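Inside the fold
The primary structure of each chain is shown beneath.
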Amino acid sequence: MSTFVGMPAFPTAARAALADTQLRHNLAHATGTIRDKRARVVAEVADWEDLRTAGAAIKDRTLHDLASYLVQLEESLTRAGATVHWARDAAEANAVVAKVAKAHGVDEVVKVKSMATQEIGLNEALAEEGIAAWETDLAELIVQLGDDLPSHILVPAIHRNRAEIRQIFRDRMAAVGRPAPDDLTDEPARLAEAARLHLREKFLRAKVAVSGANFAVAETGTLVVVESEGNGRMCLTLPEVLVSVVGIEKVVPTWQDLDVFLRLLPRSSTGERMNPYTSTWTGVTPSDGPQEVHVVLLDNGRTRALADEVGRQALRCIRCSACLNVCPVYERVGGHAYGSVYPGPIGAILNPLMKGVGVDAQTDSLPYASSLCGACYEVCPVKIDIPSVLVDLRAQVVDAHRGGVPSATDVAMKGAATVFASGRRLGVAERFARLGTRAAAKLPLAAAWTGARDLPTGPRESFRAWWKRTRGGTT
């Protein structure tokens, strides 16, 4: 089973991805299509900017008093018949899910698409306990059957084309359930039909389901999942037991607040006016749906992010993936290069904020995986200023490594500071700038710079020399 553990730093992973022309073609086609759909439906909303401002304000207000809203959510859930568990990290959350599954004697569970369960490695943890976790979202199913890794928040298999998906279904479905039809083609409708038939038997026999939640309403204890295929509705209604793993930042105070996000999310994510399926459930309802409901409230680094004055705005994220679809870096290298279930611009800030900087080279490389063009901020439905957070995290990465052996960048910046601190030294440097840049361009060290940009040649005459020659040294 593939995992992101041990992934190389972003520059190394990105270099390999850039060499894959099929990957780049798949990404450009898919992100361009989603980007255009989003732009059309957003243009229909006259008060879109007001909605963005409202969404950001609700999230900030909730995060400012997060502890109180979480307590209210727990009380509401408990009153509605759900059992609430608190998980500080991935290990605690996985242990809760495994314990519930074992208590019911099952060796398999069905899953609604969930970033939180991917984040904690739930499938792998359950596999170690002898429990198979079946993904029921079409894209997640493709990734699982292909022993692959997700590369997009909304469309995890965005890096695959139809021909590749057909081959995965033909090669892998039979080993884990109903096989793909012998006459399967790469037409989208036929691929969806094969997945539907394969999954239907799993839905009908499953006793335990696992979900995440897009939102959790504190005043009523209602959890919300939005999706486009109906697989989530099957998981949330057919099994006897439901376990929902919910990040603590998913809480919203009231149903009125939820209304804002149900207008922002579909347009920003799938380019739809509303989601085809919006499922809400509040604890246990006798003789209707799961009769045993567990909710795992997950921290796993979120309180660390909350403590960062600049970065805490990342917890506003509603996982729409709009920032990925407009990012020139993501479009060229895909999601795997980020080494996390959270790729793209939001992943470049979420991962360091939740894990901490100075821990490993892979995480420390992510704040630099950006051109700082600002396109991500312009489309974010909750106005996360991703470029500003990236710059702040870059400073944190540098600070985390101070005191060690200086890097080539450190030496260069120290030298520049020494030159710029003295007018006389700057004047001398200007005289040799042209000769120096010509010589530097021939050095092997310059390849790291010139591989992606030009190294300008110094001018024939410095500004100081020109001024002295034309003005006689007068002001």
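Here we summarise the structure given alongside this text. (Residues numbered from 1 in each chain as written. Predicted model: local features only at pLDDT ≥ 70, side-chain atom pairs only at ≥ 80, totals over all residues. Heavy atoms only, no water.)

1. Observations concerning the overall build of the chain
The helix and strand tally for the chain stands at 24 helices and ten strands. Expressed as lengths along the three principal axes of its C-alpha atoms, the size of the chain is roughly 95 × 55 × 50 Å. The buried share among the 475 residues of the chain stands at 49%. Across the chain, every contact between residues at least 6 apart in sequence was considered, and the portion connecting residues at least 24 apart equals 75%. Carbon and sulfur atoms provide 55% of the accessible area of the chain, an area that totals close to 22600 Å². The centroid of the 55 positive side-chain charges in the chain is displaced by 10 Å from the centroid of its 55 negative side-chain charges. (Helix = DSSP H or I, 4+ residues; strand = E, 2+ residues; numbered from the N terminus. Buried < 20%, exposed > 50% of the residue type's maximum accessible area, 1.4 Å probe, protein only. Contact = heavy atoms within 4.5 Å. Areas by Shrake-Rupley, 256 points an atom, 1.4 Å probe, with all protein chains shown as cover. Lys, Arg positive; Asp, Glu negative; His and termini not counted. Charge placed at Lys NZ, Arg CZ, Asp CG, Glu CD.)

2. With respect to helix α8 (residues 138-145)
One turn of an α-helix holds 3.6 residues; hence residues three or four places apart share an orientation. Burial of α8 is extensive: six of the eight residues sit out of reach of the surface. For α8, every residue scored as buried is listed here: A139, E140, L141, I142, V143 and L145. Where α8 is buried, its residues touch α6 (115-119), β3 (132-135), α9 (162-176) and α10 (188-205). Put simply, D137 is the residue that caps the front of α8, since its side-chain oxygen is 3.1 Å from the backbone nitrogen of A139. (Polar contact = N/O pair within 3.5 Å; in protein donor to acceptor, adjacent residues only side chain to side chain.)

3. A closer look at the sheet that holds strand β7 (residues 241-247)
Ordered in space as β1-β10-β7-β4-β2-β3, the six strands form an open sheet in which the pairing is parallel. Both outer strands of the open sheet, β1 (83-87) and β3, are each paired with one neighbouring strand and no more. For this sheet the average axis-to-axis angle between neighbouring strands, irrespective of direction, equals 25°. Pairing between strand β4 (residues 208-211) and β7: four bridges, direction parallel. Along β7, the bridge assignment pairs V210 with V243. The strands that helix α4 (residues 66-79) touches are β1 and β10 (292-298); relative to β1, the one it contacts most, it runs at about 145°. (Pairing = 2+ DSSP bridges. Axes fitted to C-alpha atoms, helices over the stretch in contact; angles between N-to-C directions.)

4. Some words on the state of the cysteines
Joining two cysteines, a disulfide is a covalent bond between their sulfur atoms. Within this structure, the stated rule accounts for zero disulfides. The closest cysteine sulfur to the non-disulfide-bonded C317 is located on C320, 6.5 Å from its own sulfur. (Disulfide = S-S within 2.5 Å.)

5. Considering the sheet that holds strand β5 (residues 215-217)
Reading across the sheet, the four strands line up as β8-β5-β6-β9 and stay open at both edges, with mixed pairing between neighbours. A single partner strand is all that each edge strand has here, and the edge strands are β8 (251-252) and β9 (277-281). Judged from the two bridges that link them, β5 and β8 form a sheet pairing that is parallel. When the bridges of β8 are listed, A216 appears paired with V251. Contacting β5, β6 (222-227), β8 and β9, helix α12 (residues 255-269) runs over the sheet at an angle of about 165° to β5.

6. Structural notes on the packing of aromatic side chains
Scanning the entire structure with this criterion turns up six aromatic pairs. A ring pair is formed by F215 and F261, whose centres lie 5.5 Å apart and whose planes are at 25°; its orientation type is stacked. Placement of F215 in strand β5 and of F261 in helix α12 is noted, with a sequence separation of 46 residues between them. When sorted by exposure, F215 lands in the same class as F261, which is buried. (Phe/Tyr/Trp six-rings, centres within 6.5 Å; stacked < 30°, edge-to-face > 60°.)

By themselves these figures say nothing about function.
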